[in-house]
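Results of the structural survey
Letter by letter, the chains look like this.
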Amino acid sequence: MKRNKLQIVKIGGNVIENDVALASFLKDFSAINNAKILVHGGGKLASKLALKLGLQPVMIDGRRVTDKSNLDVAVMVYGGLVNKNIVAALQANNTNAIGLSGADANLIQSVKRPVKEIDYGFVGDIVKVNSNTLKLFIENNMTPVFCALTHDREKQLLNTNADTIAAEIAISMSAYFEVELNYIFELKGVLKNIADKDSVIPHLNKTTYKKLVENNTISSGMLPKLKNSFDALQKGVFKVKIGATQTIKNNGAVCTTLSLK
């Protein structure tokens, strides 16, 4: 039996911070006819607010360390400021959006990341997505909008990587839908040369991906996104695309499409 399509879109911080780009993206996102889910971060805005409050954001190898004070800022920015503004904008575009964290309806449960060489603080590693409940939102014509917060079911909210949230939701929902996962950010796709914004690699499979990693063609900041992407494909997601905002509007838009073979 043919399954209905579900489009899961994760937007990056540079799009969120640009009011014009965000408004244009949300209009295009609203025009998607099939079921859809939006996932967003907001780390740059959280860092700005933290600095205003006299807090110092800490990053190690591109990953955010979240102490209690910075967690409070993340909750305010991700779950409040960014999430509700996006939901309001989608409602203005006739998309019946509902803003969610992982704690709402116990949708995404995590564990606090174990301390090994680095203590990342209140950062969550996902253990479960409640796909049955999430499916009910979609079946009732609601568009979930997830911020980058999960919980451990012991009253603790946890800062959680938005790329990973998008991938884990995509994997869980692939049991019910033909899922396309889109990572949308400020670039047109995965680049051969980081200095040349037009050097987009149109297609990546696992073999070519490994070769590009081995010869250091792919920048380190892209590696976690690609790891999430291939993990999603191996676990049932139909298609993964990485590109700029035009990717969701135009099937002919320049972007990077990922596949296993």
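Up top you'll find the structure we're talking about.
It is worth spelling out the packing of aromatic side chains at this point. Overall, the coordinates contain two aromatic pairs when judged by the stated rule. For the cation-ring pair, Lys225 lies above Phe185, with the distance from its terminal atom to the ring centre recorded as 5.4 Å.

This brings us to the nonpolar core. Within the largest apolar cluster, 71 residues are counted, with the highest numbers of intra-cluster contacts made by Ile8, Phe25, Leu38, Ile169 and Leu181. For Leu181, the contacting residues outside a window of four places in its chain are Ile8, Ala166, Ala167, Ala170, Ala232, Val237, Lys239, Val240 and Lys241.

Looking at where Asn83 falls in the secondary structure, it is placed in helix H4 (residues 68-92). The exposure class assigned to Asn83 is buried, which follows from its relative accessible area of 1%. Setting aside residues up to four positions removed in sequence, Asn83 forms contacts with His40, Val77, Tyr78, Gly99, Leu100, Val145, Phe146 and Cys147.

Sheet strands pair by backbone hydrogen bonding; their relative direction is either parallel or antiparallel. What the eight strands build is an open sheet, ordered S5-S8-S2-S1-S11-S13-S14-S12; its pairing is mixed. Bordering the open sheet on either side are strand S5 (97-100) and strand S12 (203-204), each of which pairs with just one other strand. With six bridges connecting them, strand S1 (residues 5-11) and strand S2 (residues 35-40) associate as parallel partners. Counted as the bridge partner of Lys10 is Val39 from S2. Against the sheet, H4 touches S1, S2, S5 and strand S8 (143-146), its axis set at about 175 degrees to S5. Taken strand by strand, helix H5 (residues 131-139) contacts S1, S2, S5 and S8, and its axis lies near 130 degrees from that of S8.

With that settled, consider unusual backbone geometry. Of note in the backbone geometry, Ala105 takes a positive phi value of approximately 55 degrees without being a glycine. Mapped onto the fold, Ala105 is located in the loop between S5 and strand S6 (108-112).

To continue, consider the pairing of S8. Residues Thr143 and Val145 point to one face of S8 and Pro144 and Phe146 to the other, with burial holding for every one of them. Note: S2 against S8, two bridges, orientation parallel. Residue pairing across strands places Leu38 opposite Val145, the latter belonging to S8. Pairing geometry for S5 and S8, over four bridges, is parallel. Bridging from a neighbouring strand, Gly99 pairs with Val145 of S8.

Definitions and limits used
Residues numbered from 1 in each chain as written. Predicted model: local features only at pLDDT ≥ 70, side-chain atom pairs only at ≥ 80, totals over all residues. Heavy atoms only, no water. Phe/Tyr/Trp six-rings, centres within 6.5 Å; stacked < 30°, edge-to-face > 60°. Lys NZ or Arg CZ within 6 Å of the ring centre and 35° of its normal. Core = buried A, V, L, I, M, F, W, Y, C linked by side-chain atoms within 4.5 Å. Buried < 20%, exposed > 50% of the residue type's maximum accessible area, 1.4 Å probe, protein only. Contact = heavy atoms within 4.5 Å. Helix = DSSP H or I, 4+ residues; strand = E, 2+ residues; numbered from the N terminus. Pairing = 2+ DSSP bridges. Axes fitted to C-alpha atoms, helices over the stretch in contact; angles between N-to-C directions.

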